[in-house]
Amino acid sequence: MTTPFANSSIRRRLVIQLSLIAAILSLTFYLIVRFVAEQAAIDTQDNILAASATSIADALYSERGEVNLELPYSALSMLGSISEDRVFYRVIVDGETLTGYTDLPEPTPLPIPSNAVFSTFDYRGEEVRSVAVARTVSSSGQAVNTTIIVAQTRLGLEAISSSISTTAAFVGVGFFIFLTTLSLLSAQSALSPLRRMTQSIKRRGPHDLSPVKTQLPSELVPLVAALNKFMARLHASLTESEAFVAEAAHRIRTPLTIVRTQAEVVLRKLEKPEDKKALRKMIRAVDESSRSAGQLLDHAMVTFRIENLLTAKLDLGEITRDTCEHLSPTAGLKDINLIVRIPDEPLPIAGDSILLQNALRNILDNAIKYSPADSDIHVTIEKSDHYEVSFTDQGRGFGKADLKSLTKRFSRGDNASDIVGSGLGLTIADEVARAHKGRVHIRSNTEGPGACVSLILPRV
Ligand SMILES: Nc1ncnc2c1ncn2[C@@H]1O[C@H](COP(=O)(O)OP(=O)(O)OP(=O)(O)O)[C@@H](O)[C@H]1O
Ligand SMILES: [Mg+2]
């Protein structure tokens, strides 16, 4: 039996597709969390920067026509609360730097009083975030424009976003593992009806070709319907072939038997030795054909039964005794003694009785056929961890024949040319033995001339 080659797996495909979706979802989740967290951190810094700049702007005052500033401590300390970042500020009054870092760049466009302007740039070798706030201060009745710029390095911000990114990455990976496990479980459960169906078909007996009636999901119904139709067709065709084999056997053997009988009658009437010789040749050819037809049809029947092996509990001793009884008239024709020594106890075995009888009959038939008249054939069964049914004769033996090749189809030994045969007897015995997990053992008789052929079968 050949197992179909699987070039893909639905489970693997499902798991890969679901895992890909899980990976995309996890990555999207990671990117969103990172973006939102970074934005939140930037907004927080911007708010503090704006509050700081506004509190500096609030501290501007005018005195004797000049705008002055009493820098409030809280304005810069609130920025320090974020981290160890460096803070820079610059207060510009009427275009002149009143206090702070004179090189701190002014933003473009300049802020208008109601709007703070935020920007990010490199200052003194570090990236800074800055806010510029505009305020108009009235001095001696004149409106003086002031700009307050507060900037802060972004180390704290970067630390926060990197920590959030790491956390988001861990959560993303966890999310991915969780989803992949879920997808594995769901693929497993989605395919369980398929597994149940396979089990229910596997559990069937070899002859069970009845339709599958398991409860199925709708997707599997067309497949099982096709399978059921196929089994119905197979059942019909098997029944047909069985009938055909029996009919063919009958149709071939019957006319051959008639030809043979008629030839025998004619033979008795003939007088010329050359005519008799010719007719004898014809009879021999008819015998060969009849034997070949019989063996070919037996072989076809055996092959059919092996393919549909139906085993039952049998008694090997009983089957062997029946076979001996069946062939004892043939042995009697040659005055051959069948000495049967079988243990007087049940010898249980699981098998097909017709097949086993056929195998034993072919081995015993050989022993009788290749034995001289007035000899003995010993039939024994030995019981150890297996059974060994042996047929030992005192005939011509195998000579120089290659023993292994004798079980091949149509293989006959050099010693058998004078005896009618088709070379299928041991093939049938060997095929039956293998179908029952046993084998045929062919060897010479160790206690004198002759052959010893055994059928070895496992015990139940
Ligand atoms: N008991 C035996 N003694 C001697 N030779 C044997 C014996 N059994 C089998 N052989 C040899 O093995 C060969 C194969 O046996 P097998 O039964 O397969 O074929 P066959 O007897 O020639 O033909 P058939 O198909 O009619 O039985 C025989 O031709 C014969 O040479
Ligand atoms: Mg034979």
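Note that this is a predicted model, so its numbers are computed, not measured. (Residues numbered from 1 in each chain as written. Chains lettered and ligands numbered in written order. Predicted model: local features only at pLDDT ≥ 70, side-chain atom pairs only at ≥ 80, totals over all residues. Heavy atoms only, no water.)

### Observations regarding the pairing of strand β6 (residues 126–139)
Here is the key point about a regular strand: its side chains alternate between the two faces of the sheet. Where strand β5 (residues 117–123) and β6 come together, 7 bridges link them in antiparallel fashion. Among the inter-strand pairings, V117 is bridged to a residue of β6, identified as A132. Between β5 and β6, which pair antiparallel and follow one another directly, the connecting turn spans 2 residues, one of which, R124, has a positive phi of 50°. Two elements, β6 and strand β7 (residues 142–153), share 12 bridges in a ladder whose sense is antiparallel. Bridged to A132 within β7 is I149. Joining the antiparallel neighbours β6 and β7 is a turn of 2 residues, in which S140 adopts a positive phi near 50°. (Pairing = 2+ DSSP bridges. Helix = DSSP H or I, 4+ residues; strand = E, 2+ residues; numbered from the N terminus.)

### Observations regarding the site of ligand 1
Looking at ligand 1, there are 22 residues lining it, with R291, N366, R412, S422 and L426 nearest. A distance of 2.9 Å separates a nitrogen atom of ligand 1 from a polar atom in the side chain of D393. Taken by itself ligand 1 offers 580 Å² of open surface, and the protein chains cover 99% of this. Elements with a contribution of two residues or more to the shell around ligand 1: α6 (273–307), α8 (353–369) and α9 (425–435). Broken down by element, the shell around ligand 1 gets its largest block of residues, 3 residues, from α8. Considering only residue class, the shell around ligand 1 consists of 8 nonpolar, 10 polar and 4 charged. (Near = heavy atom within 4 Å. Polar contact = N/O pair within 3.5 Å; in protein donor to acceptor, adjacent residues only side chain to side chain. Areas by Shrake-Rupley, 256 points an atom, 1.4 Å probe, with all protein chains shown as cover. Nonpolar A, V, L, I, M, F, W, Y, C, P; charged D, E, K, R; others polar.)

### Considerations on the domain arrangement of the protein chain
If you check the domain split of the protein chain, you get domain 1 (12–162) and domain 2 (311–458). Inter-centroid distance (C-alpha atoms) of domain 1 to domain 2 is 104 Å. (Domains from an automatic or database assignment.)

### What to know about helix α3 (residues 155–190)
The first and last C-alpha atoms of α3 sit 51 Å apart over 36 residues, in line with the 52 Å expected at 1.5 Å per residue. Here α3 has its buried residues at G156, L157, S161, S165, A168, G172, L179, T180, S183 and A187. Packing partners of the buried residues in α3 comprise α1 (10–58). (Expected span 1.5 Å × (residues − 1). Buried < 20%, exposed > 50% of the residue type's maximum accessible area, 1.4 Å probe, protein only. Contact = heavy atoms within 4.5 Å.)

### Things to note about the sheet that holds strand β13 (residues 439–444)
Judged by pairing direction, the sheet is mixed, and its 5 strands sit side by side in the order β9-β11-β12-β14-β13 without closing on themselves. Because the sheet does not close on itself, it has two edges, and the strands there are β9 (337–341) and β13. Neighbouring strand axes in the sheet, compared pairwise and without regard to direction, differ in orientation by 15° on average. Alignment of strand β11 (residues 376–383) against strand β12 (residues 386–392), held across 6 bridges, turns out to be antiparallel. From the neighbouring strand, V379 faces β12, where its bridge partner is F391. Contacting β9, β11, β12 and β14 (451–458), α8 runs over the sheet at an angle of about 170° to β14. (Axes fitted to C-alpha atoms, helices over the stretch in contact; angles between N-to-C directions.)

### Considering the environment of L227
Checked against the element boundaries, L227 lands in helix α5 (residues 221–269). Sequence separation between L227 and V212 is 15 residues, and the spatial gap between their C-alpha atoms is 8.2 Å. Those residues within four positions of L227 in sequence are excluded, and the remaining contacts are I201 and V212.

### Some thoughts on the packing of aromatic side chains
Per the counting criterion, the structure on display carries 3 aromatic pairs. Summarising the aromatic geometry, the rings of F29 and F175 are spaced 5.7 Å apart at their centres and angled 40° between planes, so their arrangement reads as tilted. Placement of F29 in helix α1 and of F175 in helix α3 is noted, with a sequence separation of 146 residues between them. Judged by relative accessible area, F29 falls into the partly exposed class, the value being 32%. With a centroid separation of 5.1 Å and an interplanar angle of 85°, the aromatic rings of F88 and Y101 are classed as edge-to-face. Here the residue F88 occupies a position in strand β3 (residues 87–93), and Y101 occupies one in the loop between β4 (96–100) and β5, the gap between them amounting to 13 residues. Accessibility expressed as a relative area gives 28% for Y101, which makes it partly exposed. Each member of the aromatic cluster is reached from another via a ring pair, and the members are F88, Y101 and Y123. (Phe/Tyr/Trp six-rings, centres within 6.5 Å; stacked < 30°, edge-to-face > 60°.)

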